[in-house]
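Coordinate inspection notes
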Amino acid sequence: MKKDWLFLMESMLFKHRLLIWGLVAAVVLTLPFWGLSLFVMRTIIMIGVFAMLALGLNLLTGYTSQVSLGHAGFFAIGAYTSAVLMMRFDVHFLVGMLAGAALAGLFGLVLGIPTLRLSGSYLTIVTMGFGEIIRLIIMTWTPVTNGTLGLMSIPRPRFFGTELNLNNHGFYYLMVALVFLVALFCHHLLNSKVGRSFRAIGEDEVAASMMGLQTTELKVLAFVLSAFITGVAGVFYAPLMGFIDHNTFTFDVSILILSIVIVGGMGTLRGMFLGSAILIVFPEMSRFLMDWRFVVYGLLLILMMRFRPNGLLGWQSRLPYPIRGKKKEVKGHGISKRQRSF
Amino acid sequence: MFIQQLVNGLALGMVYALIAVGFSLVFGILRLVNFSHAAIFAFGAHVALFFIGLEVGPIPAILISMVLTGGVGILIDKVALAPLRKKKSIPIAGLITTIGVSYILQNILTIVFGSGRVHFPAIIPPGGFDFLGTRITSMQILMFGVSLTLMLLLTYLVNHTKMGLAMRAMQQNPKAARLMGINVNSVIMFTFFLAGATASIAGGLISGFYQMAYPAMGVSFGPKVFSATVLGGIGSMPGAFVGGILIGVIEVMAAMFLGSAYRDGAAFVVLILVLILRPQGLFGRKLALKV
């Protein structure tokens, strides 16, 4: 194995992983007490939401190589389901979350079964149509969704009698908890048999089916899990905004999520956080660019595909691949073979 | 009323078919779903609008737009897609690149023309005739006639010229076509030009029909064209023709029987039904999986 700088960096990171994770945890947990303005905190929460969305899409696009342009639809299903349940039936936030995410996952199943038998391009077209159909339903199903007027004053989540909001940093910690859970879930999923199958399909679907993988079932599964995670993000998003309507979940949102996945690095978990940070902070920093911002998004997609299709953090790991059951030291570097995906 | 809507649907559907053909041609040759095609269509409409503003008259404006938009099609291929082919990138790289291109085109249109709906002058003087109680406007005749002529021309081109032969050869087997001495790059360029030119004419016709143009028109017509192409069978010329007309008719029927809110949704429903029941479309061949 070539011992280049990437290998050295990765082995350094790996050796000091406890220290690094400790530092990250300390920063993340104490962040609200650093005296940041509400606006900055809100932006950070948005980064978390979109990191979650990107983690969801990444399962599908990054690992399984199926491009979806309809994730705004799943996002909307999660948001509307929980908001309607909380407003009409006064259910608890967590119940709303389960229902919203489950319904998004169910839609993923319904949409995935017929379409994933087809080649990737068809899927992309159908998902695009799906996103628009969901918007159409939101606009026309007035008794439930309040039509084009949107849902206003969505109740905030309450835990043990305390209402979570921006001022008491409840939203922030809820975001941290959700992002942590979603990332942990993705990490363990990707190091499981199912996750390896996803990657095999992403690399070469024909070869994967030759190895005896049920590619259709696995692709549908990836779709459902992806939709589920996106639904969770939607459930969190609705009370954060306090107001949602059909224009909250446009095609632009789907493109934004896809851009985050691509900029950060398809098929990595670390990339989703960086990608989300860049693409959420960028519009805030570049108000002077006005409409050109969106042109920059398009350019970003093209340039990334041309020059760095793996994304900013999408390098191939130089560390030896973890093989379960054999904990062998790599000579000279003191690295044991462990599971990783970050 | 029913026949009146049928006429409206036929005229619209014919234009959808014209857009679908370009989309289908590119797919046939490159196996690439060209997401920028709908944005190219909107671009064509706006270039025509720009030249109408310069008082050159609607028809010359559309012809200029046709050449320019065809050129933009070639440019997109040369700048964004050809390097990916040379690098032998993964298929989704091309897909994502065309999404990026469509985003750029649409937002440049927004910057130049504003995001609102702009008035697009009538291409020909208003008029028409009544036939058995059905009003057929001159614009509808123009849409139908121009689209049909172009479709027939394209069919002739693909089936009876040397360039068409090269295109069909590439559709069947790009590698073998190259070995037979076909200049693959010029065929691809020509195809992108054709796709851009037909899309721009369709853009002019649609804008002339609704008497307005707006940058997001690619987003609102794009899905209908996708549905038309998939319904007919992606990569098939007669398929694009039949698919376009069917989608046009289904759309106006949905608007008539279910209400205007369902007009845009109808195409998606058709799309999903086709993919469940007959994924290769009406005229498509089943694509064999090559290992």
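Residues numbered from 1 in each chain as written. Chains lettered and ligands numbered in written order. Predicted model: local features only at pLDDT ≥ 70, side-chain atom pairs only at ≥ 80, totals over all residues. Heavy atoms only, no water.

Thoughts on the overall build of chain B
To keep it simple, the criterion reads: Where helices and strands are cited, they refer to DSSP runs of H or I of at least four residues and of E of at least two residues respectively, numbered from the N terminus. In this treatment the radius of gyration is a C-alpha quantity, and the globule benchmark scales as 2.2 Å times the residue count to the 0.38 power. Note on classification: 1.4 Å probe, protein chains only; a residue is buried when its accessible area is under 20% of the maximum for its type, exposed when over 50%, partly exposed between these limits. Residues are treated as being in contact if the distance between any of their heavy atoms lies within 4.5 Å. Note on areas: Shrake-Rupley, 1.4 Å probe, and residue coverage restricted to the protein chains presented here. Residues scored as positive are Lys and Arg, those scored as negative are Asp and Glu, and His as well as the terminal groups of each chain are ignored. Here the site of a charge means atom NZ of a Lys, CZ of an Arg, CG of an Asp or CD of a Glu.
From N to C terminus, chain B includes 11 helices and four strands. For 291 residues, the compact-globule formula gives about 19 Å, and the C-alpha radius of gyration of chain B, at 19 Å, lands near that figure. Taken over the C-alpha atoms alone, chain B extends approximately 60 × 45 × 35 Å along its principal axes. Counting every position in chain B, which comprises 291 residues, the buried fraction comes to 56%. By sequence separation, contacts in chain B at least 24 residues apart represent 75% of the contacts at least 6 residues apart. As displayed, chain B offers around 12,500 Å² of accessible surface, 71% of which is attributable to carbon and sulfur atoms. The distance from the centre of the 18 positive side-chain charges to the centre of the 5 negative ones in chain B is 23 Å.

Notes on the packing of helix 9 (residues 193–203) of chain A against helix 11 (residues 215–241) of chain A
All names here are of chain A. Our working rule: Where helices are involved, their axes are fitted lines through C-alpha atoms of the stretch in contact, as for all axes, and angles between N-to-C directions lie from 0 to 180°. Oblique is the label for every angle not falling under 35 degrees (roughly parallel), over 145 degrees (roughly antiparallel), or within 65 to 115 degrees (roughly perpendicular).
The contact between helix 9 and helix 11 brings their axes to 10 Å, and the two run at 110°. As the angle between them shows, helix 9 and helix 11 are arranged roughly perpendicular. Along its contact with helix 9, which presents Val194, Ser197, Phe198 and Ile201, the element helix 11 presents Thr215, Leu218, Lys219, Leu221, Ala222 and Leu225.

Notes on the packing of aromatic side chains
Filter applied, for reference: Pairing of aromatic side chains here covers Phe, Tyr and the six-membered ring of Trp, requires ring centres within 6.5 Å, and sorts the geometry by plane angle: under 30 degrees stacked, over 60 edge-to-face, intermediate tilted. Charge over a ring is defined by NZ of Lys or CZ of Arg lying within 6 Å of the ring centre and within 35 degrees of the ring normal.
Here the structure, examined in full by the defined rule, presents 18 aromatic pairs over all chains. Judged by centre distance (6.4 Å) and plane angle (55°), the rings of A:Phe282 and A:Tyr297 are tilted. Within this pair, whereas A:Phe282 is found in helix 13 (residues 270–285), its partner A:Tyr297 is found in helix 14 (residues 292–307), the two being separated by 15 residues in sequence. For A:Tyr297, a relative accessible area of 9% puts it in the buried group. With a centroid separation of 5.2 Å and 65° between ring planes, the pair formed by B:Phe35 and B:Phe226 is classed as edge-to-face. Here B:Phe35 is found in the loop between helix 1 (2–30) and helix 2 (37–53), whereas its partner B:Phe226 is found in helix 9 (residues 217–232), with 191 residues between them in sequence. One aromatic cluster is present, formed by A:Phe50, A:Phe75, A:Tyr80, A:Tyr237 and A:Phe249 through successive ring pairs. Between A:Arg17 and the ring centre of A:Phe14, over which it is positioned, the NZ or CZ distance is 4.5 Å. Sitting over the ring of B:Tyr214, B:Arg117 keeps its end group 4.3 Å from the ring centre.

Some words on the interface of chain A and chain B
Heads up, the condition is: Here the quantity called buried area is the total loss of accessible area, with a 1.4 Å probe, experienced by two parts when brought into contact, counted for both. Within 3.5 Å is the distance limit for a polar contact, defined as a pair of N or O atoms, with the added protein rule that one can donate a hydrogen and the other accept it, and that residues adjacent in sequence qualify only through two side-chain atoms. In the scheme used here, Gly and all other residues not listed as nonpolar or charged are polar, with Ala, Val, Leu, Ile, Met, Phe, Trp, Tyr, Cys and Pro taken as nonpolar and Asp, Glu, Lys and Arg as charged.
Contacts between the two partners involve 40 residues from chain A and, on the opposite side, 35 residues from chain B. When chain A packs against chain B, close to 3,500 Å² is buried across both sides, 84% of that on carbon and sulfur atoms. If you sort the residues of chain A by the area they bury against chain B, A:Tyr122, A:Ile125 and A:Arg306 come out on top, with a joint share of 18%. Seen at the junction of chain A and chain B, the total is two residue pairs in polar contact (both at pLDDT 80 or more). For the side of chain A that touches chain B, the elements supplying multiple residues, two or more each, are helix 5 (93–115), helix 6 (120–140), helix 10 (205–210), helix 12 (251–264) and helix 14 of chain A. Of the residues belonging to the side of chain A that touches chain B, the class tally is 27 nonpolar, eight polar and five charged.

Some details on unusual backbone geometry
Residues and elements named next belong to chain B. For lysine 88, which is not a glycine, the phi torsion comes out positive at approximately 50°. Counting through the fold element by element, lysine 88 comes out in the loop between helix 3 (58–87) and helix 4 (91–113). Using a relative accessible area of 73% as the deciding quantity, one classes lysine 88 as exposed. For glutamine 211, which is not glycine, the phi dihedral falls at a positive 55°.

Here's the deal with the packing of helix 14 of chain A against helix 3 of chain B
The condition that has to hold: By definition, turning the near helix anticlockwise from the far helix through less than a right angle yields a left-handed crossing, and turning it clockwise yields a right-handed one.
Where helix 14 of chain A contacts helix 3 of chain B, the two axes come as close as 9 Å, and the packing angle between them is 20°. On the basis of the axis angle, helix 14 of chain A is roughly parallel to helix 3 of chain B. Of the two elements, helix 14 of chain A crosses helix 3 of chain B, and the hand of that crossing is left-handed. Across from A:Ile302, A:Met305, A:Arg306 and A:Phe307 in helix 14 of chain A, the residues of helix 3 of chain B making contact are B:Val79, B:Ala80, B:Pro83, B:Leu84 and B:Lys87. A class-by-class count of the residues in the contact of helix 14 of chain A with helix 3 of chain B yields seven nonpolar, no polar and two charged.

Some points on the confidence of the model for chain A
For the record, the criterion: The quantity called pLDDT is the predictor's confidence in a given residue, expressed from 0 to 100.
Overall, the prediction assigns chain A a mean pLDDT of 83, with 91% of residues at 70 or greater. Note on residues 329–340 of chain A: pLDDT is under 50 here. Beyond four places in sequence and across chains, it has 38 contacts.

A closer look at the pairing of strand 2 (residues 128–131) of chain B
All names here are of chain B. For clarity, the threshold we go by: Whether two strands pair depends on DSSP finding at least two bridges between them.
Here strand 2 pairs with strand 3 (residues 134–137) via four bridges, running antiparallel. Opposite aspartate 130, over in strand 3, you have arginine 135 as the bridge partner. Hairpin remark: strand 2 followed by strand 3, antiparallel, with two residues in the connecting loop; positive phi at leucine 132, about 50°.

Let's talk about helix 8 (residues 184–210) of chain B
Residues and elements named next belong to chain B. Selection rule: Here, expected helix span is obtained from the residue count minus one, scaled by 1.5 Å.
For helix 8, with 27 residues, the first-to-last C-alpha span of 39 Å sits near the 39 Å given by 1.5 Å per residue. Most of helix 8 is tucked away: 20 of the 27 residues are buried. The first or second residue beyond helix 8 is glutamine 211, which carries a positive phi of 55°.

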